[in-house]
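Breakdown of the fold
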There are 2 protein chains.
Amino acid sequence: MTDTIDSQRVDEILASFFIRSKARAARMHPDYLTMWERLEACTVGGKRFRPRLIMTVYGLLGGKDTTTAATVAASFELLHTALIVHDDVVDRDFARRGVPNVSGSYRDFAAAGGSDRTRAEHTGLSVGVIAGDLALANAYRLMGEVDADLPTRQRLGDILDEAVFASAAGELLDILGPLNLTPQTVEEVLQMARLKTAVYSFEAPLQAAAVLAGAEDRLTEALGAFGRDIGIAYQVADDLIGVFGDESLTGKVGWGDLREGKRTTLIAHAAAQPQWRRISALIADPELTAMGAAEIRTLLMESGARTHSTQLAQDFTHRALQHLAAPYVPQDVRNGLAPIIDVVAERVHL
Amino acid sequence: MTDTIDSQRVDEILASFFIRSKARAARMHPDYLTMWERLEACTVGGKRFRPRLIMTVYGLLGGKDTTTAATVAASFELLHTALIVHDDVVDRDFARRGVPNVSGSYRDFAAAGGSDRTRAEHTGLSVGVIAGDLALANAYRLMGEVDADLPTRQRLGDILDEAVFASAAGELLDILGPLNLTPQTVEEVLQMARLKTAVYSFEAPLQAAAVLAGAEDRLTEALGAFGRDIGIAYQVADDLIGVFGDESLTGKVGWGDLREGKRTTLIAHAAAQPQWRRISALIADPELTAMGAAEIRTLLMESGARTHSTQLAQDFTHRALQHLAAPYVPQDVRNGLAPIIDVVAERVHL
């Protein structure tokens, strides 16, 4: 799915955005410049998944205005940054990929200045709120700079809006989930996967690329529907990896998801099985050991949860492919999207 | 400054925005609807200061398209909501005007569900992050819906962007301020007043009204400059009230600002005077009593801080008026803005 030149254009637009922002910030206060530098650091080294998806599909649909597409792609990348920065605030995570995030670096700064731990953490989270706000506002700002006709701009605005609206819903349900007395159902977990991940990472970028390339409405809809279903499949597969994946390949601790009690389709399915009594005694325990995790894995397999989730991921992948089977979806687009499907497929057939 | 009919139009646009949003939210999840209801509650009963400023000045400049102006005004009101919701998260405030805010109502909800205090507070603050994000995103969204030509839309976008950029800088400096070993200087306090209050509450709304009414550039600039200076004067005067105001008139506890150690021009000035040794021993103490507050007030007067801050507010008011003295500022506009100046003037001559 990679096109190096197109990806470079997105990086250039983001770099130019940060150069302008840092210059403006420096005129206000040196501390503001530092914050912008740390926000920029959050966007560097990412996989640029959404930008690459947009640039790829836009190109496959015959789009020629790389700069405009890259502006839309940069907007989605800033939205992604905003969501992860605020998600880290909500999860009280102070690092990402092993490196201090915005909140982590300001927590450390406050602690070095003599703040006690609670106060330093709150300082870090507070700066995270502000930094995420700036990324969010500028996702809208970049989208507003897109050089296109009014109807196209309005549709792009609607798509961005829907992505934000759905992601906020997903985050809210994620926050409130632990307050529910009963475990979530499989349907609820799938809905959250859709709201929190599928819309802004798959559905909306695909729709935006299609609208920008001037695709007919039914093609835009088909691509959006493909994105929604493959996005859900991706999340289900990712949750499978989080529990059954090989740590040396995934880079994640093999039982982090189990230790934090992440609500997944695996857990939702197992909750209705006899094995749940034992699983619920072990799971969501900060002290969970490798041995405890191994026992949960065995119980999840015995309960049929692993088979069930694998099947779900396959079903959603299948549904996603059906949306692409329509005759008005160009064969090039089908082929071009194959790598995304492969990512899911590889995860399911561990 | 009030025009009832114009204000009603802003309320209608906000009400219609919330009706649409709540309907969309309800289709996703009942809990999401509840969150939107609580966010809406934050916008009801406010003073609508920025919308009234926009509608008044737009009308005085001959603007006739009330709906478009009200859309811009509604955008600024949502920005205001976003900033206060996130400011409350940063300040760990769970109530506003004596009523639980978004974070407070979700903290109480979590506590009622059995969460311990720390966890319940974090749940409340987390929902505050999401709710503020939605208000911020939709401030951009509403501005994007303004029915105007492209150059006007772009300038409105620039003004909103500058308001967000400056407010975030002000909030950041507010968060990092307590980490500085030396008290802030008067200049630093004034800069923060400008960034955190004057730009988004005065300067930007006035500029937006002028741009929308098709005012010539120098008039737009003069109104923005007036807004910047009167906004700073307002903040200085507000800080004077926070310390010397009559509790029965201000509705604030007479020594809340002293108890929390709020950084004001009063404190910045006093910090360089001999009285500071005693003041610094009393101030920023959660246990501060009425008697301690009375002693600080006396010391602030003795140190010349009260006279100095009163003079500052008067100077900035004077500077603000000078911007309006230019011959290209219509007399009607000068007269129409008088009530804002009166608000500051009344506060300074307590």
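Along each chain, residue indices are assigned from 1 in the same order as the chain's sequence is written. To label them, take the chains in the order written and letter them from A, then take the ligands in the order written and number them from 1. A pLDDT threshold of at least 70 governs which residues receive local features in this predicted model, and a stricter bar of 80 or more applies before side-chain atom pairs are shown or counted, although totals over entire chains, interfaces and linings include all residues. To get the side-chain values, all heavy atoms of the structure are used, and hydrogens and water are removed first.

Here chain A sits on chain B after a turn of 180° about the axis and a move of 0.0 Å along it, with an RMSD of 0.0 Å. Accordingly, the operation relating the two chain copies is best matched by a two-fold axis. Throughout, a residue-residue contact means that at least one pair of heavy atoms, one from each residue, lies within 4.5 Å. An overlap of 100% is found between the interface residues of chain A and their copies at the interface of chain B, pointing to a shared contact surface. Superposition of the copies was done by least squares, using only C-alpha atoms of residues whose pLDDT is at least 70 in both.

All names here are of chain A. Where each domain starts and ends follows an automatic or database-derived domain assignment. If you check the domain split of chain A, you get domain 1 (1–147) and domain 2 (150–350). Once you take the C-alpha centre of each, domain 1 and domain 2 turn out to be 23 Å apart. Here domain 1 meets domain 2 over a buried area of about 2,500 Å², counting both sides, of which 78% is carbon and sulfur. Here the quantity called buried area is the total loss of accessible area, with a 1.4 Å probe, experienced by two parts when brought into contact, counted for both. Contact with domain 2 buries area across many residues of domain 1, yet L60, L61 and F76 alone supply 22% of it, more than any other trio. For salt bridges, the criterion is a side-chain nitrogen of Lys or Arg within 4 Å of an Asp or Glu carboxyl oxygen. At the boundary of domain 1 and domain 2, one finds one salt bridge. Strands are runs of DSSP state E lasting at least 2 residues, helices are runs of H or I lasting at least 4, and numbering of each runs from the N terminus. Elements with a contribution of two residues or more to the side of domain 1 that touches domain 2: α3 (49–60), α4 (66–91) and α6 (117–144). Take the side of domain 1 that touches domain 2: its biggest share by element is ten residues, from α4. Looking at the side of domain 1 that touches domain 2 residue by residue, the class counts come to 19 nonpolar, six polar and two charged. Residue polarity follows a fixed list, in which Ala, Val, Leu, Ile, Met, Phe, Trp, Tyr, Cys and Pro are nonpolar, Asp, Glu, Lys and Arg are charged, and the others, Gly among them, are polar.

Another aspect to go through is the interface of chain A and chain B. Counting residues at the interface gives 50 residues for chain A and 50 residues for chain B. When the two sides are added together, the surface that chain A and chain B hide from each other amounts to roughly 4,700 Å², 69% of it contributed by carbon and sulfur. Counting the surface chain A buries against chain B, the share from its top three residues, M28, R141 and F165 of chain A, is 15%. Put simply, R24 of chain B and E162 of chain A hold a salt bridge, and the shortest N to O gap is 2.7 Å. Polar contacts, as counted here, are pairs of nitrogen or oxygen atoms within 3.5 Å of one another; within protein the pair requires one atom able to donate a hydrogen and one able to accept it, and residues that are adjacent in sequence qualify only if both atoms are side-chain atoms. Counting across the chain A and chain B interface gives 16 residue pairs in polar contact (both at pLDDT 80 or more). Those elements that place two or more of their residues in the side of chain A that touches chain B are α1 (4–28), α2 (30–43), α4, α5 (102–112), α6, α7 (150–176) and α8 (186–212) of chain A. Of the residues that constitute the side of chain A that touches chain B, the class distribution is 30 nonpolar, ten polar and ten charged.

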